[in-house]
Amino acid sequence: MKAAPTRYLFLAPALVLVGLVIFFPIVRCAGLSLTTQGGTSLGNYKKAFLDSRLGSSLWNTCIFTFFSLACELLLGLALALCLNIYFRGRSSVRAAVLIPWALPPAVMAMGWRWIFNDVYGVASDLLFRLGLTSSRVAWLGSPGLAMFSLVVADVWKTTPFVAIILLAGLQSIPRSLYEAAAIDGAGRIRQFFMITLPLLRPYILLAVLFRGIQAFGVFDLVKVLTDGNPGGATETISLYIYDQNFRYINPGYAAALTIIVFVILFAAALIISFANRKQYELA
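Definitions and limits used
Residues numbered from 1 in each chain as written. Predicted model: local features only at pLDDT ≥ 70, side-chain atom pairs only at ≥ 80, totals over all residues. Heavy atoms only, no water. Salt bridge = Lys/Arg side-chain N within 4 Å of Asp/Glu carboxyl O. Helix = DSSP H or I, 4+ residues; strand = E, 2+ residues; numbered from the N terminus. Core = buried A, V, L, I, M, F, W, Y, C linked by side-chain atoms within 4.5 Å. Buried < 20%, exposed > 50% of the residue type's maximum accessible area, 1.4 Å probe, protein only. Contact = heavy atoms within 4.5 Å. Axes fitted to C-alpha atoms, helices over the stretch in contact; angles between N-to-C directions. Parallel < 35°, antiparallel > 145°, perpendicular 65-115°, else oblique. Left-handed = near helix turned anticlockwise from the far one by under 90°. Expected span 1.5 Å × (residues − 1). Bend = angle between axes of the 7 residues up to and from the residue. Polar contact = N/O pair within 3.5 Å; in protein donor to acceptor, adjacent residues only side chain to side chain.

K.L.:
Give a description of the pattern of salt bridges that names residues and reports values.
P.N.:
Applying the stated rule across the entire model yields 8 salt bridges. Here Asp125 ties to Arg129 by a salt bridge, and the two come within 2.7 Å at their closest N and O atoms. Note that Asp125 and Arg129 are positioned in helix 7 (residues 122-129) at a spacing of 4 residues, about one turn of the helix. If you follow the salt bridges from partner to partner, you end up with Arg53, Glu235, Asp243 and Arg247 in one network.

Pasting the structure below:
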């Protein structure tokens, strides 16, 4: 038998750490989800499929994830393209762009809660002073506006993270490709769609993977900004699991929901990783 490649030996410590930090808790959580007063049962999983509140929280999570991720990709790409252009003070601007991402989520959410306050918040006051509204806007009191407020706050914080990933991709593209395309008569727009976007696809998929998982598991932003209100319109799956475990003292059911979310995210990660690998094979 051939000896294992050296690279696997270097990866071994990281794999052991990942196993301890991620998979060991998942195994314990799976065992807890099957625990009942009479022994072990699949009752918690059967309950999950009949739980209408679980369905609504999953739907809210999907809406939040989709719109947040779409806005972050568009704005992150635009920001990365701007930061990829040379200008004086570019290094300082790149550092300043990361400030929203560096802020603690709970602190950032508290700031946005003040901004969206319907009485003394700057967002409502600005629209009122500009004459765009005849009264103060209850941003966090309406289901649609509350979800919109969550998306805005999340996009403001995490767009720089996406921009940095895409900026790394832009800097990996050889300038000679653009020079050759320019000689062939291709303009900036055609170069963008023929060179930039195809070569950025692996980085875009990487950003989708990271940010999709983070957005699907959002908790602190929702907890501080809306706490799932109004009427559960912004309750995400993480907040629902938290309530089941700490408010309703139902750890077995909370563990079952955690396993379900883990399976969903793991399947999504496999699909994105497979698409990313196919891109590398075709390149």
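Anyway, onward from the coordinates.
K.L.:
Got a sec to walk through the nonpolar core? Specific residues and values, please.
P.N.:
By size, the foremost hydrophobic cluster in this structure holds 20 residues, and its most contacted members are Phe64, Trp112, Leu150, Ala153, Leu221 and Leu225. Those elements that place two or more of their residues in this core are helix 6 (105-115), helix 8 (143-171) and helix 11 (220-225). Ranked by residues supplied to this core, first place goes to helix 8 with 5 residues. Beyond its immediate sequence surroundings of up to four residues, Leu225 is in contact with Ala109, Trp112, Arg113, Leu140, Ser149, Leu150 and Ala153.

K.L.:
A description of the environment of Pro105 should follow, citing residues and the corresponding values.
P.N.:
On the secondary structure map, Pro105 appears in helix 6. For Pro105, a relative accessible area of 29% puts it in the partly exposed group. For Pro105 and Leu177, which are 72 residues apart along the polypeptide, the C-alpha to C-alpha distance reads 40 Å. Residues in contact with Pro105, not counting those within four places in the same chain, are Lys157 and Asp220.

K.L.:
Could you give an account of the packing of helix 9 (residues 175-183) against helix 10 (residues 188-216), naming the residues involved and the relevant values?
P.N.:
The N-to-C vectors of helix 9 and helix 10 enclose an angle of 160 degrees; their axes lie 10 Å apart at closest approach. Overall, the two elements helix 9 and helix 10 adopt an arrangement that is roughly antiparallel. Note on packing geometry: the crossing formed by helix 9 with helix 10 is right-handed. Each of Leu177, Tyr178, Ala181 and Ala182 in helix 9 lies in contact with helix 10, whose residues at this interface are Gln191, Ile195, Thr196 and Leu199.

K.L.:
Quick one: what's the story with helix 10, residue by residue and with numbers?
P.N.:
Helix length check: helix 10 (29 residues) gives 36 Å between terminal C-alpha atoms against 42 Å at 1.5 Å per residue, more than 12% under. At Arg201, helix 10 shows its largest kink, close to 50 degrees, and the proline Pro202 lies no more than four residues downstream.

K.L.:
Could you give an account of helix 3 (residues 52-83), with specific residues and numbers?
P.N.:
A rise of 1.5 Å per residue sets the reference length of helix 3, with its 32 residues, at 46 Å; its end C-alpha atoms lie 45 Å apart and thus fit the reference within 8%. Its side-chain oxygen 3.0 Å from the backbone nitrogen of Arg53, Asp51 forms the N-cap of helix 3.

K.L.:
Could you give me a rundown of unusual backbone geometry, with the residues and numbers involved?
P.N.:
Following Asn229, the chain continues into Pro230 via a peptide bond in cis, with omega recorded as 0 degrees. Turning to its location among the elements, Pro230 is positioned in the loop between helix 11 and helix 12 (237-247). Its identity is not glycine, yet Ile249 carries a phi of approximately 50 degrees, on the positive side. Its place among the elements puts Ile249 in the loop between helix 12 and helix 13 (251-282). Exposure remark for Ile249: the relative accessible area of 61% places this residue in the exposed category.

K.L.:
An account of the environment of Val224 is needed here, citing residue identities and associated values.
P.N.:
Position of Val224 relative to the elements: it lies in helix 11. With relative accessibility at 18%, the residue Val224 sits in the buried group. In sequence terms Val224 and Phe24 are 200 residues apart; their C-alpha atoms lie 30 Å from each other. When neighbours within four sequence positions are excluded, Val224 is seen to be in contact with Ala106, Ala109, Met110 and Arg113.

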